[in-house]
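Secondary and tertiary structure notes
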Amino acid sequence: MTAVLPWVTLIICLAITAARLPSALRGENRVVFYIFALMSLDILLSIEGPYLAIDSWLGGMNVANLLLRFLLYGTFLLMGIKIATGFGSDSAAKAIRGPLGLTVLSITAALTIYFFVITDTRGSAVGMTGLTWGPSLEAYAALGRFYPGFVSVCLLPAIWRTVAGRAPLLLRGASALLFLGLTLLLVSQFFPLIPAVHLWLRSLINYSAVLATAIGLAGIWFSKAYARRKARRTA
């Protein structure tokens, strides 16, 4: 199952990206298109075949993993601001794009580069699983989980208010999926506690988080589009 899940996740993200393309070409809500395009790239770089091919072009030193980290940071920056704005949470938007959020992002990015540089990363391996793990690699991996977790913490209260509120059922259901996806990202902060024999749980949690987040976001977009069409028909 964990071997199939990455490809299923990639196909779904690509399908949603393609569905958003016509609107993006018309200049409508292009940020949503960029978010799904980035999510697709993130998933592509987490699958062994594409990862190994791309990393070989970059020198076989797992630079592709470093690239993936920064794509993830960009994805969550854009997604965080968009979701916070969409759910009307000024506090979440300020936390993510304000001085605190940008400081957290800058420090995370700088430390990510630092720990990558001081680590022996020779030998391409998706997820860097084939390398000898030590303190610097553990810190590098933790940083990759930290910033998405930070954005998730900022967003979850606003999303929960919609889930528990009186919004239309479709919007509440999509928001619940988004809430689940971001919650799973918080669970990923505890990956070091998972025994080596159960490492497959990491893939299951990661891809389930992406799937729930992507489908939740798409559902929110669809529910709002449906509500607008319904309002026009009523008018």
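Note that residues are indexed from 1 along each chain, following the sequence as it is written. Under the rules for a predicted model, residues below a pLDDT of 70 receive no local features and side-chain atom pairs below 80 are neither given nor counted, while totals for whole chains, interfaces and linings still include all residues. To get the side-chain values, take all heavy atoms of the structure and skip hydrogens and water.

1. Some remarks on the confidence of the model for the chain
Applied cut-off: By definition, pLDDT measures how confident the predictor is in each residue, and it falls between 0 and 100. Secondary structure is summarised from DSSP: a helix means a run of H or I of at least four residues, a strand means a run of E of at least two, and numbering begins at the N terminus for each.
In this model, the chain carries an average pLDDT of 91, and 97% of its residues clear a pLDDT of 70 or more. Ranking the elements of the chain by mean pLDDT puts helix H9 (residues 200-234) last, at 85, and helix H6 (residues 99-117) first, at 97.

2. Re the pattern of salt bridges
Two side chains bearing opposite charge may form a pair once their charged atoms approach each other closely. Our working definition: For salt bridges, the criterion is a side-chain nitrogen of Lys or Arg within 4 Å of an Asp or Glu carboxyl oxygen. Relative accessible area decides the class of each residue, using a 1.4 Å probe on protein chains only: under 20% of the type maximum gives buried, over 50% gives exposed, and in between gives partly exposed.
Counted by the stated rule, this structure contains two salt bridges. Across the pair Arg 26 and Glu 28 runs a salt bridge whose closest N-O atoms are separated by 3.2 Å. On the basis of relative accessibility, which here comes to 54%, the residue Arg 26 falls in the exposed class. The class for Glu 28 is partly exposed, based on a relative accessible area of 39%.

3. Topic: the environment of Ile 107
Inspection of the secondary structure puts Ile 107 in helix H6. Along the primary structure Ile 107 and Thr 213 are separated by 106 residues, whereas in three dimensions their C-alpha atoms are 25 Å apart.

4. Let's talk about a nonpolar patch on the surface
How we decide: Patches in this entry comprise residues that are over 30% relatively accessible and not in a salt bridge; like charges within 9 Å are linked, as are nonpolar side chains (Val, Leu, Ile, Met, Phe, Trp, Tyr) within 5 Å. Method for areas: the Shrake-Rupley scheme with a 1.4 Å probe, in which residue coverage is limited to the protein chains shown.
There is a patch of nonpolar side chains on the surface, built from Ile 107, Leu 111, Ile 113, Tyr 114, Val 117 and Ile 118 and spanning about 550 Å² of accessible area. Tracing the sequence through the fold places Tyr 114 in helix H6.

5. Notes on H6
Side chains of residues three or four places apart in an α-helix project in the same direction, reflecting 3.6 residues per turn. Heads up, the rule is: The span expected for a helix works out to 1.5 Å for each residue beyond the first. To obtain the arc, one takes the directions from the helix axis to the C-beta atoms. Contact between two residues is taken to exist if any of their heavy atoms lie within 4.5 Å; hydrogens are not considered.
Compared with an ideal rise of 1.5 Å per residue, which puts 19 residues at 27 Å, H6 spans 27 Å between its outermost C-alpha atoms and is within 8% of the ideal. Where H6 is concerned, the buried positions are Gly 101, Val 104, Leu 105, Thr 108, Ala 109, Thr 112, Phe 115 and Phe 116. Each buried residue of H6 lies within a common arc of 140° when the element is viewed along its axis, so the set occupies one face. Facing away from the buried side of H6 by over 90 degrees, the exposed positions are Pro 99 and Val 117. Each element contacted by the buried residues of H6 is listed here: helix H4 (63-86), helix H5 (90-97) and helix H7 (135-163).

6. Details of the packing of H4 against H5
Here is the rule we go by: Every axis in this analysis is a line fitted to C-alpha atoms, fitted for helices over the stretch in contact. Angles between the N-to-C directions lie between 0 and 180 degrees. Should an angle fall under 35 degrees it is called roughly parallel, over 145 degrees roughly antiparallel, and 65 to 115 degrees roughly perpendicular, with every other angle called oblique. Rotating anticlockwise by less than a right angle from the far helix to the near helix defines a left-handed crossing, while the corresponding clockwise rotation defines a right-handed one.
With their axes 8 Å apart at the nearest point, H4 and H5 run at an angle of 160° to one another. By the angle between their directions, the pair H4 and H5 is classed as roughly antiparallel. As for how H4 packs across H5, the hand of that crossing is left-handed. Contacts between H4 and H5 involve Leu 77, Gly 80, Ile 81 and Ala 84 on the former and, on the latter, Ala 92, Ala 93, Ile 96 and Arg 97.

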